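Structural description and commentary
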Amino acid sequence: MSANQSPAGKQPTATYDSAFLRACRREPVPHTPVWFMRQAGRSLPEYLKAREGIPMLESCMRPELVAEITLQPVRRHGVDAAVYFSDIVVPLKAIGIDLDIKPGVGPVVADPIRTRADLARLRRLTPEDVAYVTEAFGLLTRELGATPLIGFAGAPFTLASYLVEGGPSRNHEHTKALMYGDPQLWADLLDRLADITAAFLRVQIEAGASAVQLFDSWVGALSPADYRRSVLPASRKVFEAVSGYGVPRVHFGVGTGELLGLLGEAGADVVGVDWRVPLDEAARRVGPGKALQGNLDPAVLFAGREAVEAKTREILDAAAGLEGHVFNLGHGVLPTTDPDALTRLVEYVHTQTAR
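Rules and cut-offs
- Residues numbered from 1 in each chain as written.
- Predicted model: local features only at pLDDT ≥ 70, side-chain atom pairs only at ≥ 80, totals over all residues.
- Heavy atoms only, no water.
- Core = buried A, V, L, I, M, F, W, Y, C linked by side-chain atoms within 4.5 Å.
- Buried < 20%, exposed > 50% of the residue type's maximum accessible area, 1.4 Å probe, protein only.
- Helix = DSSP H or I, 4+ residues; strand = E, 2+ residues; numbered from the N terminus.
- Salt bridge = Lys/Arg side-chain N within 4 Å of Asp/Glu carboxyl O.
- Pairing = 2+ DSSP bridges.
- Contact = heavy atoms within 4.5 Å.
- Axes fitted to C-alpha atoms, helices over the stretch in contact; angles between N-to-C directions.
- Parallel < 35°, antiparallel > 145°, perpendicular 65-115°, else oblique.
- Left-handed = near helix turned anticlockwise from the far one by under 90°.
- Nonpolar A, V, L, I, M, F, W, Y, C, P; charged D, E, K, R; others polar.

1. A closer look at the nonpolar core
Among soluble globular proteins, nonpolar side chains are generally buried collectively. In terms of nonpolar packing, the biggest core is built from 126 residues, with Leu-122 and Leu-189 touching the most fellow members. When residues of this core are assigned to their parent elements, the largest contribution, 13 residues, is made by helix α9 (residues 183–207).

Structure (structure tokens):
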């Protein structure tokens, strides 16, 4: 089913005619919708207070806390969509991978996966493994009403990079060594991760997600040829696995200017663009039939109101000819961002684009 159709045999949901979902479907909107990656979290004092003393992964497994954190930026900023508070490594933790999220570092895997024998540790994910996700989505959809809730997951390549490197990496040397040195093992690893990711997204959609975003945070480290050969099949498998639900599917990566067309080719309805490529050029690279999301540099928010509005105006002008545009940052909200700057940005985009 296309994301441009309401679910077959069902009445449209309360969120169906929201500005966000209409933009994802490339339909006319009352204003350009806005949400921010990492809007639920570290830039908000109320988030820091709610999570005080609670480790990151544990906080992702407490439904009432997840619901509160997810709702905080909706209340404060008036964004057009909520994004589920979680982390891309949650499904890996749920199937028993020994990992932790270390403050100031990121996900750290105790025993990296680098041999064929290691694949056995990546079992299938079941809904029972993440029952807390289903519970949290239930709490959220009741509270949000007509405001869409975005679910998300990490893409196979980015999950593989954490698993193979053992943590964040600047050069991805172990990841690329496996990809180039044992292409069959690499393909099997990504295929296994595609199944886990698809299962995680299905849980979220069936629990009430209005849209889903696949984060391939580190895939910008690859050339287009390597992406097409070694990554595209697994990402496409994820998108195809959830295509029947009729919810918009967003694809985002960092430093992916050379890969934008391929990100769309993988099966996304909406292609996220970081700040390095203007949206009108991004549209040319992606081609017709896709909405775009983006793409203010998160660092601009530190420059003062006039500068933020000037850069935002540039983006809105570049997006003027697009069939569908969702305003977002070109990556996540930075931790020391002034929350009031985000609130003002939402108001500015809404005011400037009101039809």
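2. Re the pattern of salt bridges
Oppositely charged side chains are able to pair whenever their charged atoms sit close together. The final tally for this structure, using the stated rule, is 24 salt bridges. Taking the shortest distance from any N to any O, the salt bridge between Arg-249 and Asp-269 comes out at 3.0 Å. Residue Arg-249 is located in strand β6 (residues 249–253), and its partner Asp-269 is located in the loop between α12 (260–265) and β7 (270–272); the two are separated by 20 residues in the primary sequence. For Arg-249, a relative accessible area of 12% gives the class buried. Asp-269 sits in the buried class, given a relative accessible area of 14%. Each of Asp-17, Arg-22, Arg-25 and Glu-27 takes part in one network of salt bridges that share partners.

3. Quick notes on the sheet that holds strand β9 (residues 325–326)
Read from one edge of the open sheet, seven strands run β1-β4-β5-β6-β7-β8-β9, paired in parallel fashion. Two strands bound the open sheet, and with one partner strand each, they are β1 (82–83) and β9. Bridging between β7 and strand β8 (residues 291–293) involves three bridges; their strand directions are parallel. Following the sheet pairing, Val-270 is matched in β8 by Ala-291. Along the sheet, helix α11 (residues 232–241) contacts β5 (211–216) and β6; its crossing angle with β6, the most-contacted strand, is approximately 155°.

4. Section: the environment of Val-349
Residue position: Val-349 is located in helix α15 (residues 339–353). A residue is classified by how much of its surface remains accessible, and Val-349, at 0% relative accessible area, is buried. Residues Val-349 and Gly-106, spaced 243 residues apart in sequence, show a C-alpha to C-alpha distance of 32 Å. Once residues within four sequence positions are removed from consideration, Val-349 is found in contact with Thr-32, Val-34, Thr-312, Leu-316 and Phe-327.

5. Considering the packing of α9 against α11
Viewed as axis vectors pointing N to C, α9 and α11 meet at an angle of 25°, and their least axial separation amounts to 9 Å. On the basis of their axis angle, the class for α9 and α11 is roughly parallel. Two packed elements cross with a definite hand, and for α9 against α11 that hand is right-handed. Between α9 and α11, the contacting residues are Leu-190, Asp-191, Ala-194, Asp-195, Thr-197, Ala-198, Leu-201 and Arg-202 on the first element and Ala-234, Lys-237, Val-238 and Ala-241 on the second. Per-class residue counts for the contact of α9 with α11 are seven nonpolar, one polar and four charged.

It is worth stressing that arrangement in space is one thing and function is another; only the former is reported here.
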